[in-house]
Amino acid sequence: MAYQDEITHMNRDELEELQLERLKQTAITCYENIPFYKESFDKVAFDPYTVETLEDIRKAPFTTKQDMRDSYPYGLFAVPREDVKEIHMSSGTTGIATVSGYTENDIHAWGDCFARGLGYAGTGKDDVVHVCYGYGLFTGGLGAHYGGLAVGAETIPMSAGNTKRQIKVLQSMGSTVLCCTPSYAMHIADTAIEMGLDPKKAFTLKSGIHGAEAFSDQFRENLEDKLGYKVFDVYGLTEVMGPGVAMECDRQAGLHVAEDHFFIEVLDVETHEPVPDGEWGELVITTLTKEASPVIRYRTRDITRIMPETCACGRTHRRIDRLHGRTDDMMIIRGVNVFPSQIEDVCTAFPEIADWYQIELSREGGLDIATLKIEIKPDFPIDEIRKIEALQKRLQQALKDELAIKIGIKVVEPHTIQRSEGKAVRVVDLRD
Ligand code: DLL
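Not measured: the values here are computed from a predicted model.

### Regarding the overall build of the chain
Part 1 of the reasoning: On a plain count of helices and strands, the chain comes out with 12 helices and 21 strands.
Part 2 of the reasoning: By the compact-globule yardstick of 22 Å for 432 residues, the chain fits well, its C-alpha radius of gyration being 22 Å.
Part 3 of the reasoning: Dimensions of the chain along its principal axes, counting C-alpha atoms only, are 70 × 55 × 40 Å.
Part 4 of the reasoning: Taken across its 432 residues, the chain has 56% of its residues classed as buried.
Part 5 of the reasoning: In the chain, once contacts between residues fewer than 6 apart in sequence are set aside, the share between residues at least 24 apart is 66%.

What follows is the structure, encoded as structure tokens:
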């Protein structure tokens, strides 16, 4: 039995009944305890006492990141401060951070959600969970940590950074599960190789629980090849909890949403109307159990789709597809919409190219110019300019075939693209 199997296999009618009961409660709690929600519900005449079906929540207004910023720090809390036991914040690259609060129950629910995903990966009491997501205000470290504790595994709070030490501890503690961003997992693997180790032999890893950033199927395959383990995608965001909102099972075919804790909608990016299952749109999340900072219809800006079929693993919680990226990650290059992950898909399929890349956007004469910086693998025998030029041409053609735009290719010296300990910086925008 994996962790909370009985919940992840719940009969769908019962699950939806539970969702409805929790949804009604959440809407009322928000209305009664958070002035922001009282005002915003009243503005559109949404009466939380009349919610009768799950669809009724569509009458409620959205909550945006800006609403959260405007309410910084405690404006969206539904409980008195003495009931708040933990705080996390998003990094807030564009200014004020968003805050998420947790009561004791919220922390347990969070651990449960992450632990389910660890269970999907076969993790149990005999495992050693090595957590090198950052600890601190970022939700990655502690979210994975609470999950590790909930499944009863030995949990190592490494946090991110000091890669050589990570490698030593992975070896000496016999870690079996690696929790970090996919780009940091790649950096650990590459560093181990540079140290003369074969990560497949040096480590005893069975699985990696990787998320917090988009990564292509090819990147995943390259990681699995290097580390000799299986990669499971994990999705989450600070505003609604942190990692564990949705996690992948061993079918590697989409992420099961913890539907007893979250109600999801996928909406057309422009009309904000729901799209049919199977179609891509923006993920909107309503929390169903969060006590300290519940959220109604949070616009995640993440693009995904609800996978229409039931998963072959037998779990009844619906799956969302792996994320392409965020609406705000999408680059418009000469009128064509491009996600960094589409570029990653193409370049990581070239065996000569290292798994590090960066896209630089600039503007020349009013036109957008995209340049893809890549490194060649240090052990790949390309020492002639002629061969490098041929590689550049092949890559440029492959990108053109895939994306219908011309992207400049710049081969840079090994190790010049910044390695990440957390989320990788894939796009550098030098336009005004
Ligand atoms: O990244 C929480 C997290 C930590 C998730 C560890 C998974 C593992 P934030 O820093 O608030 O929280 O960033 C949330 O990251 O809206 C997505 O755009 C992106 N993201 C998270 N997970 C994935 C994923 C954490 N599996 C934002 N694939 C989200 C693609 C992801 N993007």
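After that view, the rundown keeps rolling.
### What about the pairing of strand S5 (residues 177-180)?
Part 1 of the reasoning: Side chains Val177 and Cys179 project from S5 onto one buried face, and the interleaved Leu178 and Cys180 project onto a second face that is buried too.
Part 2 of the reasoning: Relative to S5, strand S3 (residues 128-131) is paired through 3 bridges, and the arrangement is parallel. Opposite Val129, over in S5, you have Val177 as the bridge partner.

### Some words on the nonpolar core
Part 1 of the reasoning: Judged by nonpolar contacts, the single largest core of 43 residues is most densely connected at Tyr37, Tyr235, Phe262, Ile285 and Ile320.
Part 2 of the reasoning: Those residues in contact with Ile285, other than ones at most four positions away along the chain, are Tyr235, Leu237, Val240, Val245, Phe262, Phe263, Ile264, Val295, Ile296, Arg297, Tyr298 and Thr300.
Part 3 of the reasoning: If you look at the next biggest cluster of nonpolar residues, it comprises 28 residues, including Cys132, Tyr184, Ala202 and Phe219.

### Quick look at the sheet that holds strand S18 (residues 353-364)
Part 1 of the reasoning: Pairing is mixed across the open sheet formed by 4 strands, whose spatial order is S20-S19-S18-S21. Here the strands that pair on one side only, and so sit at the sheet edges, are strand S20 (408-412) and strand S21 (427-429). Between one strand axis and the next, the sheet turns through 25° on average, direction left out of account.
Part 2 of the reasoning: Pairing of S18 with S21 involves 3 bridges; the strand directions are parallel. Looking at S21, one finds that Leu361 is bridged to Asp429.
Part 3 of the reasoning: Strand contacts of helix H12 (residues 385-403): S18, strand S19 (367-376) and S20, with the helix running at about 140° to S20, the strand carrying the most contacts.

### A word on the site of the ligand
Part 1 of the reasoning: Within the structure, the ligand sits among 19 residues, and Asp233, Val234, Thr238, Asp302 and Lys423 are positioned closest to it.
Part 2 of the reasoning: Here Ala212 contributes a backbone N or O atom positioned 3.1 Å from a nitrogen atom of the ligand.
Part 3 of the reasoning: The contact in question runs from an oxygen atom of the ligand to an N or O atom on the side chain of Arg326, over 2.9 Å.
Part 4 of the reasoning: For the ligand, the accessible surface in isolation is 610 Å², of which the surrounding protein chains cover 93%.
Part 5 of the reasoning: For the shell around the ligand, the secondary-structure elements that each account for two or more residues are helix H6 (139-150) and strand S7 (230-237).
Part 6 of the reasoning: Looking at the shell around the ligand, the element that brings in the most residues is S7, giving 5 residues.
Part 7 of the reasoning: Residues belonging to the shell around the ligand are distributed by class as follows: 9 nonpolar, 5 polar and 5 charged.

### With respect to the pairing of strand S4 (residues 154-157)
Part 1 of the reasoning: The pairing of S3 with S4 spans 4 bridges and is classified as parallel. Bridged to Val128 within S4 is Glu154.
Part 2 of the reasoning: Following the chain from S3 across H6 to the adjacent parallel S4, one finds a crossover that is right-handed.

### Side note on the layout of surface pockets
Part 1 of the reasoning: As a volume, the second largest pocket reaches approximately 270 Å³.
Part 2 of the reasoning: Lining the second largest pocket are 16 residues, and of these Ser216, Asp217, Arg322, His324 and Asp345 lie nearest its centre.
Part 3 of the reasoning: Sorting the residues of the lining of the second largest pocket by element identifies helix H10 (217-227) and helix H11 (340-347) as the ones contributing at least two each.
Part 4 of the reasoning: Of the residues forming the lining of the second largest pocket, the biggest block, 3 residues, is contributed by H11.
Part 5 of the reasoning: Class assignment for the residues of the lining of the second largest pocket results in 3 nonpolar, 6 polar and 7 charged.

### Quick notes on empty space enclosed by the protein
Part 1 of the reasoning: A complete count under the given rule lists 3 cavities of 30 Å³ or more for this structure.
Part 2 of the reasoning: In this structure, the largest cavity encloses a volume near 80 Å³.
Part 3 of the reasoning: Forming the walls of the largest cavity are Tyr37, Met68, Ser71, Tyr72, Pro73, Leu76, Phe77, Val99, Glu239, Ser293, Pro294 and Val295.
Part 4 of the reasoning: In terms of residue class, the lining of the largest cavity is built from 9 nonpolar, 2 polar and 1 charged.

### Side note on the pattern of salt bridges
Part 1 of the reasoning: Inspection of every chain in the model, using the stated rule, returns 28 salt bridges.
Part 2 of the reasoning: Between Glu16 and Arg12 there is a salt bridge whose closest N-O contact spans 3.1 Å. Taken together, the positions of Glu16 and Arg12, both in helix H2 (residues 12-33) and 4 residues apart, correspond to about one turn of that helix.
Part 3 of the reasoning: Beyond isolated ion pairs, a larger network of salt bridges with shared partners links Arg12, Glu16, Glu259 and Arg318.

Reading the values: the criteria
- Per-chain numbering applies: the sequence of each chain, read as written, is numbered from 1 onward.
- Local features in a predicted model are, by the rule used here, given only for residues with pLDDT of at least 70; side-chain atom pairs are given and counted only at 80 or more, and totals for whole chains, interfaces and linings are based on all residues.
- Derived side-chain values reflect all non-hydrogen atoms in the structure, with water molecules and hydrogen atoms excluded from consideration.
- For the purposes of this entry, the term helix denotes a DSSP run of H or I that reaches at least four residues, the term strand denotes a run of E that reaches at least two, and both are numbered from the N terminus.
- In this description the radius of gyration comes from C-alpha coordinates, and the expected globular size is given by 2.2 Å times residues to the power 0.38.
- Here's how the labels work: a residue is buried when its accessible area is under 20% of the maximum for its type, exposed when over 50%, partly exposed in between, all with a 1.4 Å probe on protein chains only.
- Contact between two residues is taken to exist if any of their heavy atoms lie within 4.5 Å; hydrogens are not considered.
- The rule for pairing is simple: two strands pair if DSSP sees at least two bridges between them.
- For this analysis, a nonpolar core means a set of buried residues of the types Ala, Val, Leu, Ile, Met, Phe, Trp, Tyr and Cys, connected via side-chain atoms within 4.5 Å.
- Note on geometry: axes are C-alpha line fits, over the in-contact stretch for helices, and angles between N-to-C directions span 0 to 180 degrees.
- Distances are taken per atom, and a residue is near a molecule or strand as soon as one of its heavy atoms is within 4 Å of it.
- Here a polar contact is taken to be a pair of N or O atoms separated by no more than 3.5 Å, where protein atoms must pair a possible hydrogen donor with a possible acceptor and residues adjacent in sequence count only if both atoms sit in side chains.
- Shrake-Rupley sampling with a 1.4 Å probe provides the accessible areas, and residues are treated as covered by the protein chains on show and by no other component.
- Here the nonpolar group is Ala, Val, Leu, Ile, Met, Phe, Trp, Tyr, Cys and Pro; Asp, Glu, Lys and Arg are the charged ones; every other residue, Gly included, is treated as polar.
- With the strands aimed away from the viewer, a crossover counts as right-handed if its path from the first strand over the helix to the second runs clockwise.
- Note on definitions: the grid is 1 Å and covers protein atoms alone; a cavity is a set of points where a 1.4 Å probe fits but cannot get out; a pocket is an open set with protein on both sides within 12 Å along at least five of seven lines; lining residues have an atom within 4 Å of a point.
- Grid points are joined across faces, edges and corners, and a volume is the space filled by probe spheres set on the points.
- Salt-bridge detection follows one rule: a side-chain nitrogen of Lys or Arg within 4 Å of a carboxyl oxygen of Asp or Glu.

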